[in-house]
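Architecture at a glance
Below, each chain spelled out in residue letters.
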Amino acid sequence: MAKATSVWGIEIGQSALKALRCRLDGDQVVAEAFDYIEYPKILSQPESDPETLVREALDTFVKRNDLKKTTVAMSVPGQSGLAKFFKPPPVELKKIPDIVKYEARQQIPFDLNDVIWDYQLMAGGEISDGFALESEVGLFAMKRDAVYRLLKPLQAADLEVDLLQLAPLSIYNMVTYDKGLANDQQTTYDSEHPPKSMVVLAMGTDATDLIVTNGYRVWQRSMPLGGNHFTRQLTKELKLTFAKAEHLKRNAMEADDPKLIFQAMRPVFNDLVTEVQRSMGFFRSINKKAEIGSILMLGNSVKLPGLSQYLSKNLAMDVDVIDSFAQLNGSEVTEAAAFKDHIAAFGPVYGLCLQGLGRGPITTNLVPKEVLKERLIRSKKPWAVAAAAALLMGMAGNLLFAGNRWSYVHPDKWQSAMAAAEATQKKSAEEISTDATQKNQVDLLKVIGTEVSGSNDRRLLWMEIVTALSHALQRPEGFDVKSIPSPDELPYIDRTDIHVTKIESKFYDDLSRYLTSRVVKGYEEDKHSRLTALGLITAPAEGEATGDDAMGDEAMGDATDDSSMVDDGELDMGSGDEEGGNSGIVFQIEGFHYHNDIKYAANFEEREGFVLKHLVHELETGSVKLPGRDGELIEFTYKELGLSHPFVFESGMLIEGFRIPNPAWKKMMKEAGVGSAAGGAMLGGYSGGSDMMEGMMSGMMGLGSLGRGASGMLGGRGAGDAPLNPKFDPNVKQYFDAPKFVFKLQLIWKPQPLTARLAAKRAAEEAAAAEAAAAQENPDDLANNAG
């Protein structure tokens, strides 16, 4: 809450109403006034009327004290509320409210709608970069109906409470400030080496609040023992009325037999010591590092003779009774006899004043928010009424001036002009509607025209691309499959044919899914190898480092480690604004060639190099003639057809021992009369032993013997018959060597219909013509640019 210049702290006790008013003078707290109104009877006395006694005390207080322009703070007994402390996990400060709300549901044994609760971060927590690391949160609550019941007598006395606080927390504020505990509240609290703690015993009429604090942390417990328990013990032991026993307790030293009185009250003394020991023992069990230094006693019950000495002896600790407030100034109050006489009872109200003035570590408030909101609205009502009145007056004045101008804008005067404007607007809307309709019709006709003219193009796209791919294989002109030279005339290793065994295609609605960084890297490295082999770029010297080393088989395998041609993309291809967007088709071509002799290695004309130089380079830089509109052949580059990014992505190892059977040899064997078994054995590589082989060779040569048990398989006539079988030619080869290199190639096709290609050619020709014309008009500029 905001700091006030003057604060009244009020406590409605069981025996008296205590009040203290303080203000700030610089950094000092100054007491301005106090009041102590004792009830005729104790509120808990059987024959008393608490409501009447409290109302009369409040009326007396309001009559003899100035409450204008002050903040009113009130304390409530500790046993009327709930105080819990917990350590949240390290979390952002902005998330603390959510954690506290969750803890409130766990810790408060009532529905949150039935309680008034508040919380705050305790002093000394470690805050770093907006995170609460080592911190403790105090959670305080009261039943809603109990709060309204406490506020009711003050509302009846026309006394508005701005701050409501539990008495133990008010005492904590007082002790921390007045005794100088934790003067620097910004210092991080060290839980491993905490400061010494102080125990405060605030003895009331029916209960005693025990507070343990070291300035940074506080722990409190309400014990069901107070001054009335001594009185009741006297009435029980000495058979006295409550009033006589109370008088005797207050004046025990003046009695005829003081010893008898103390003996009668001894059980209560013992109970008090037991409760204090129990509470301190529990505190030590949950705070292993804590060290308790001394005990401070508050409340009028501490005036009981011998009480502090008895506690000191039985607890083995120093016990002090408060007799002054070190940090409270204002001699008119602090030196007053009545204030000195009851100073032990003013601790809670002093703490309330400190909180109201912003000098206490606890800042929570249990006044219901709806009450504060209602007061705020009530306080603003006069200003709202004044503002409304001023607004009405301003509007009335403005209306007078507006009435004078009304004649100039009367509808009768502007009716004809408004009618003409409306007619013009209507005509304009009709024309705009007609224009939009005609524009839509033109757009529809364009779409129909494009569809009609382009349907034939799209029908031919696949035939064109198959023709283009076939042309890229670079068959010689006039090539005839029926006149292929024999292997004897042109060995397989010298043939420049590239054979295609399979073509697969896959459509991508977004080619960036295919063009991954690995695919692009494989394409760029293939391109570098191809241009180096063609002599278009200079290869680095031996041993020289380069950033574009050719990719080996292992790296190539990593780039495309499966044949599905699918991989989620990382790069983009094109802008996606052209027809079809960024969609396209990826071809995978599988093939082989026999041009793999060692004599071609130096020129990069074997294996993968042969494919790169003759097929991939053709696809990158070549062109093909395709029919146009009227059947004339028009030359288009492969790039104009939409082909791009060709690269060998998977090279099979060279099959060096690959051989092709010679059909002429098989025919010769058949004509020579070799049976299927022998011919099959020889053709299939069957080995029946040296005798069988000798027999077959002898038969072919006409030696007449086939070894053991065989004769004349090739027409031999037996031993001594020397003539050679006329059907056998020893110069005919059974196999032809054909070292086979297999490969897989991928490339992208973004279909470009004939209409689009022709339009692109026209645009390029027009641009070239314009550039040439500009060069003729400004030859000097052209010469300068060339220079």
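Residues numbered from 1 in each chain as written. Predicted model: local features only at pLDDT ≥ 70, side-chain atom pairs only at ≥ 80, totals over all residues. Heavy atoms only, no water.

Looking at the overall build of the chain
The following threshold applies: Only runs of H or I of at least four residues qualify as helices and only runs of E of at least two qualify as strands under DSSP, and these elements are numbered from the N terminus. The classification of residues rests on relative accessible area computed with a 1.4 Å probe and restricted to protein chains. Under 20% of the type maximum is buried, over 50% is exposed, and intermediate values are partly exposed. We call two residues in contact whenever any of their non-hydrogen atoms come within 4.5 Å of each other. Only the protein chains shown count as covering a residue, and every accessible area follows the Shrake-Rupley method with a 1.4 Å probe.
When helices and strands are counted, the chain shows 21 helices and 25 strands. Buried residues in the chain amount to 41% of all 787 residues. The contacts of the chain with a sequence gap of at least 6 include a subset with a gap of at least 24, amounting to 71%. Just so you have it, the chain exposes about 43,900 Å², and 53% of that area is on carbon and sulfur atoms.

Some points on the pattern of salt bridges
Two side chains that carry opposite charge are able to pair once their charged atoms sit near each other. Inclusion rule: Any Lys or Arg side-chain nitrogen found within 4 Å of a carboxyl oxygen on Asp or Glu counts as a salt bridge.
Counting across every chain of the model gives 29 salt bridges. The residue aspartate 497 makes a salt bridge to arginine 475 at a minimum N-O spacing of 3.7 Å. Of the two residues, aspartate 497 is situated in the loop between helix 13 (411-472) and strand 18 (499-508) and arginine 475 in the loop between helix 13 and strand 18; the sequence distance between them amounts to 22 residues. Residues joined in a network through salt bridges with shared partners are Glu38, Glu246, Lys249 and Arg250.

So, the sheet that holds strand 4 (residues 71-76)
Rules: Any two strands between which DSSP finds at least two bridges are classified as paired. Each axis is a line fitted through C-alpha atoms, taken for helices only over the stretch in contact, and angles between the N-to-C directions span 0 to 180 degrees.
On the basis of which strands lie adjacent, the open sheet formed by six strands has the order 11-4-1-2-3-17 and mixed pairing. The open sheet has two edge strands, strand 11 (163-166) and strand 17 (328-329), and neither has a second partner. Where strand 1 (residues 6-12) meets strand 4, five bridges bridge the pair, whose relative direction is parallel. Across the sheet, residue valine 7 finds its bridge partner in strand 4, namely threonine 71. Lying over the sheet, helix 11 (residues 347-356) contacts strand 1, strand 2 (16-25), strand 3 (28-38), strand 4, strand 11 and strand 17, oriented at roughly 145° with respect to strand 1.

Regarding the pairing of strand 10 (residues 137-143)
Regular strands place side chains that alternate from one sheet face to the opposite one. Among the seven residues that make up strand 10, six are buried, leaving the element largely enclosed by the rest of the structure. Here strand 5 (residues 81-86) pairs with strand 10 via six bridges, running antiparallel. Note that in strand 10 the partner of phenylalanine 85 across the bridge is glycine 138. Summarising the sheet, strand 7 (residues 115-121) and strand 10 pair through seven bridges and their orientation is antiparallel. Within strand 10, the residue paired with glutamine 120 across the bridge is glycine 138.

Some remarks on the sheet that holds strand 7
Read from one edge of the open sheet, three strands run 5-10-7, paired in antiparallel fashion. One side of each edge strand has no neighbouring strand; the edge strands of this open sheet are strand 5 and strand 7. Neighbour to neighbour, the strand axes of the sheet diverge by 15° on average, direction disregarded. Across the face of the sheet, helix 2 (residues 96-107) comes into contact with strand 5, strand 7 and strand 10 while running at roughly 135° to strand 7.

A short note on the environment of leucine 43
If you trace the backbone, leucine 43 turns up in the loop between strand 3 and helix 1 (50-64). In this structure leucine 43 comes out as buried when scored by relative accessible area, which is 11%. Sequence separation between leucine 43 and alanine 16 is 27 residues; the distance between their C-alpha atoms is 8.9 Å. When neighbours within four sequence positions are excluded, leucine 43 is seen to be in contact with Gly13, Gln14, Ser48, Pro50, Leu53 and Val54.

Here's the deal with the layout of surface pockets
What counts is decided by this rule: Using only the protein atoms, space was sampled on a 1 Å grid; points where a 1.4 Å probe fits but cannot get out form cavities, open sets with protein on both sides within 12 Å along at least five of seven lines form pockets, and lining residues are those with an atom within 4 Å of a point. Grid points are joined across faces, edges and corners, and a volume is the space filled by probe spheres set on the points. Ten residue types, Ala, Val, Leu, Ile, Met, Phe, Trp, Tyr, Cys and Pro, are classed as nonpolar, four, Asp, Glu, Lys and Arg, as charged, and the remainder, Gly among them, as polar.
Counted as a void, the second largest pocket has a volume near 650 Å³. Lining the second largest pocket we find 28 residues, and of these Lys87, Glu136, Tyr189, Arg217 and Asn287 sit closest to its centre. Counting only elements with at least two residues in the lining of the second largest pocket, the list comes to strand 5, strand 13 (208-213), strand 14 (218-223) and helix 7 (258-286). For the lining of the second largest pocket, the class distribution of residues is 12 nonpolar, eight polar and eight charged.

A short note on helix 14 (residues 517-533)
Put simply, the test is: Expected span of a helix: the number of residues minus one, times 1.5 Å.
Here helix 14 spans 24 Å end to end across 17 residues, near enough to the 24 Å set by a 1.5 Å rise per residue. For helix 14, the full list of buried residues reads Val519, Gly522, Tyr523, Glu525, Asp526, Ser529, Arg530 and Leu531. With its phi angle positive at about 80°, glycine 535 sits one or two positions after the end of helix 14.

Some words on the packing of aromatic side chains
Our working rule: Here is the rule: rings of Phe, Tyr and Trp (six-membered ring for Trp) pair when centre to centre is within 6.5 Å. Planes less than 30 degrees apart are stacked, more than 60 are edge-to-face, and the remainder are tilted.
Tallying each qualifying case throughout the model produces 20 aromatic pairs. On the numbers, 5.4 Å between centres and 70° between planes, the contact of phenylalanine 34 with phenylalanine 339 is edge-to-face. One end of the pair, phenylalanine 34, is in strand 3; the other, phenylalanine 339, is in helix 10 (residues 337-341), with 305 residues separating them in the sequence. Using a relative accessible area of 21% as the deciding quantity, one classes phenylalanine 34 as partly exposed. Taken together, a centroid distance of 5.2 Å and an interplanar angle of 75° make the contact between phenylalanine 269 and tyrosine 310 edge-to-face. Taken as a pair, phenylalanine 269 in helix 7 and tyrosine 310 in helix 8 (residues 307-315) lie far apart in primary sequence, 41 residues in all. In this structure, phenylalanine 269 and tyrosine 310 share a single accessibility class: buried.

Digging into a negative patch on the surface
Rules: Only residues whose relative accessible area exceeds 30% and that form no salt bridge enter a patch; like-charged residues are grouped when within 9 Å of one another, and nonpolar side chains (Val, Leu, Ile, Met, Phe, Trp, Tyr) when within 5 Å. The charged-residue count follows a simple rule in which Lys and Arg add positive charge and Asp and Glu add negative charge, with His and chain termini not counted at all. Here the site of a charge means NZ on Lys, CZ on Arg, CG on Asp, or CD on Glu.
A cluster of acidic residues, Asp49, Glu51, Glu56 and Asp59, forms a negative patch on the protein surface. In this structure, glutamate 56 sits in helix 1. A relative accessible area of 43% means that glutamate 56 is categorised as partly exposed.

A word on empty space enclosed by the protein
Tallying each qualifying case throughout the model produces two cavities of 30 Å³ or more. Taken as a whole, the second largest cavity encloses approximately 30 Å³ of empty space. Lining the second largest cavity we find Leu461, Glu464, Ile465, Leu641, Trp749, Gln752 and Arg757. Counting residues per element, the lining of the second largest cavity draws most heavily on helix 13, at three residues. Grouping the amino acids of the lining of the second largest cavity by side-chain chemistry returns four nonpolar, one polar and two charged.

Let's talk about the packing of helix 14 against helix 16 (residues 607-621)
Cut-off, in case you're wondering: Any angle between 65 and 115 degrees counts as roughly perpendicular, while under 35 counts as roughly parallel, over 145 as roughly antiparallel, and the rest as oblique.
Packing of helix 14 against helix 16 leaves a shortest axis separation of 10 Å and a crossing angle of 100°. For the element pair helix 14 / helix 16, the angle class is roughly perpendicular. Residues Tyr523, Asp526, Ser529, Arg530 and Ala533 of helix 14 form the contact with helix 16, whose participating residues are Glu608, Leu612, Lys613, Val616, His617 and Glu620. The class makeup of the residues in the contact of helix 14 with helix 16 is four nonpolar, two polar and five charged.

Points about the packing of helix 7 against helix 8
Applicable threshold: With the far helix as reference, a near helix turned anticlockwise by less than a right angle produces a left-handed crossing, and one turned clockwise produces a right-handed crossing.
Contact pair helix 7 / helix 8: the axes reach a minimum separation of 10 Å and the direction vectors enclose 50°. In this view, helix 7 runs oblique relative to helix 8, as classed from their interaxial angle. The crossing of helix 7 and helix 8 is right-handed. Contacts between helix 7 and helix 8 pair Arg266, Phe269, Asn270, Leu272, Val273, Val276 and Gln277 from the former with Leu307, Tyr310, Leu311, Asn314 and Leu315 from the latter.

Details of helix 5 (residues 227-238)
Over its 12 residues, helix 5 extends 17 Å from the first C-alpha to the last, a length consistent with the 16 Å expected when each residue adds 1.5 Å. Within helix 5, burial applies to Gly227, Asn228, Phe230, Thr231, Gln233 and Leu234. Along its buried surface, helix 5 packs onto strand 12 (197-203), helix 6 (242-250), helix 7 and helix 8. A positive phi of about 55° marks lysine 239, the residue just after helix 5.

Digging into the pairing of strand 12
By the criterion of burial, strand 12 is predominantly enclosed, with seven of the seven residues buried. Residues Ser197, Val199, Leu201 and Met203 of strand 12 are buried on one face, and the alternating residues Met198, Val200 and Ala202, pointing to the opposite face, are buried as well. As defined by bridge partners, strand 12 adjoins strand 15 (residues 292-298) across six bridges and the pair is classed as parallel. Counterpart to methionine 198 in the pairing with strand 15 is serine 294. Relative to strand 13, strand 12 runs antiparallel, the two sharing six bridges.

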